[in-house]
Amino acid sequence: PLGTSLMEGAETAPANITTSHELIIGTIGYMSPEQLGDIKAEPLDARTDIYSLGLVLYEMVTGTNPFWGDTDLSIMRKILTSEPKPLHDLNPVAPREMNEIIQKCLRKRREDRYRTARELLNALENMRSEKQLDSKGDKSDEPFPGFWIPRRVARALFWFVHFGYLVMYGAA
């Protein structure tokens, strides 16, 4: 689940947080393919959180989770085998560049995702800069459909969610 390894200074986290009966703890719909795979696999790293964050971004842009199903098993199967629909299929005003960024976050192989949150942030900032440059030279009356929030608000939300995870998992 999101927050497993994005904490500052964390390089890796256990492969899965489990009980003594090997039950996976977390929200199945936001788990990465490697979390649903072999429990004895390599330790999780930031790319697992990049995947979960990609799911949240996908939901923010489209209003739906690409892997929702009727049962946990159907959700797990979709996460492991299905590809999400392109953003513009569900939201025609979604920038194509955003689709590329989110699709990279949601790649099945973690080696194909952004390696760090900083790398993802750089891609988002580059997209935003390019869109701002495009809109300055654009004669269109239609404004760029933005979904950006002020940096202060984003930081406050980040710390609120981060603190929530610490409290929820008893680390605070």
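Residues numbered from 1 in each chain as written. Predicted model: local features only at pLDDT ≥ 70, side-chain atom pairs only at ≥ 80, totals over all residues. Heavy atoms only, no water.

1. Here we look at the overall build of the protein chain
Counting secondary structure elements, the protein chain contains seven helices and zero strands. Helices and strands appear in the protein chain in the N-to-C order α-α-α-α-α-α-α. Each of the 172 residues in the protein chain was classed as buried or not, and the buried ones make up 34%. Within the protein chain, counting contacts between residues at least 6 apart in sequence, those at least 24 apart form 62% of the total. Surface exposure of the protein chain reaches about 11,000 Å², of which carbon and sulfur atoms provide 56%. (Helix = DSSP H or I, 4+ residues; strand = E, 2+ residues; numbered from the N terminus. Buried < 20%, exposed > 50% of the residue type's maximum accessible area, 1.4 Å probe, protein only. Contact = heavy atoms within 4.5 Å. Areas by Shrake-Rupley, 256 points an atom, 1.4 Å probe, with all protein chains shown as cover.)

2. Concerning the nonpolar core
Counting residues in hydrophobic clusters, the biggest one holds 24 residues, and the most contacted among them are Leu87, Met98, Ile101, Ile102, Tyr114 and Leu120. In terms of residues, this core owes the most to one element, helix α2 (residues 46-62), which gives six residues. If sequence neighbours within four positions are ignored, isoleucine 101 has contacts with Tyr114, Leu120, Ala123, Leu124 and Met127. (Core = buried A, V, L, I, M, F, W, Y, C linked by side-chain atoms within 4.5 Å.)

3. Side note on the side chain of threonine 48
Positionally, threonine 48 belongs in helix α2. Threonine 48 sits in the buried class, given a relative accessible area of 0%. In this view, threonine 48 contacts Ser32, Glu34, Gln35 and Arg113; residues no more than four positions away in its chain are not counted.

4. Considering helix α3 (residues 72-81)
All buried positions along α3 are accounted for by Ser74, Ile75 and Ile79. Viewed end-on, α3 has its buried residues packed into an arc of 135°, placing them on one side of the element. Along α3, the residues that are exposed and aim more than 90 degrees away from the buried face are Leu73, Arg77 and Thr81. (Arc of directions from axis to C-beta.)

5. Topic: α2
With 17 residues, α2 extends 24 Å from end C-alpha to end C-alpha; this agrees with the ideal 24 Å at 1.5 Å per step. Phi turns positive one or two residues past the end of α2, at glycine 63, with a value near 85°. (Expected span 1.5 Å × (residues − 1).)

6. Some points on the environment of proline 92
For proline 92, the location among the structural elements is in the loop between α4 (87-90) and α5 (96-105). A relative accessible area of 72% means that proline 92 is categorised as exposed. As for proline 92 and threonine 62, which are separated by 30 residues in sequence, their C-alpha atoms are 9.4 Å apart.

7. What to know about the packing of α2 against α5
Here α2 crosses α5 at 145°, and the two axes come no closer than 8 Å. Both α2 and α5 take part in a crossing whose hand is left-handed. Taking contact as the criterion, the partners of Ile50, Tyr51, Gly54, Leu57, Tyr58 and Val61 in α2 are, on α5, Met98, Ile102 and Cys105. Tallied by class, the residues present in the contact of α2 with α5 amount to eight nonpolar, one polar and no charged. (Axes fitted to C-alpha atoms, helices over the stretch in contact; angles between N-to-C directions. Left-handed = near helix turned anticlockwise from the far one by under 90°. Nonpolar A, V, L, I, M, F, W, Y, C, P; charged D, E, K, R; others polar.)

8. Looking at the environment of threonine 62
Along the chain, the position of threonine 62 falls in helix α2. A residue is classified by how much of its surface remains accessible, and threonine 62, at 16% relative accessible area, is buried. A sequence separation of 25 residues divides threonine 62 from leucine 87, and the C-alpha atoms of the two residues are 6.4 Å apart. Not counting chain neighbours up to four residues away, the residues in contact with threonine 62 comprise Leu87 and Leu90. Only 2.8 Å separates the side chain of threonine 62 from the backbone oxygen of tyrosine 58, close enough to count as a polar contact. Within the structure, the side chain of threonine 62 is placed 3.1 Å from the backbone oxygen of threonine 64, a separation counted as a polar contact. (Polar contact = N/O pair within 3.5 Å; in protein donor to acceptor, adjacent residues only side chain to side chain.)

9. What to know about the confidence of the model for the protein chain
For the protein chain, per-residue confidence averages 77 on the pLDDT scale, and residues scoring 70 or more make up 66% of the total. Here helix α7 (residues 151-168) stands out as the least confident element of the protein chain, with mean pLDDT 70; α5 is the most confident, with 94. Taken as a whole, residues 4-20 scores under 50 in pLDDT and shows 35 contacts with residues more than four places along the chain or in a different chain. Every residue in residues 139-144 is under pLDDT 50, and counting partners more than four places away or in other chains gives two contacts. (pLDDT = per-residue confidence, 0-100.)

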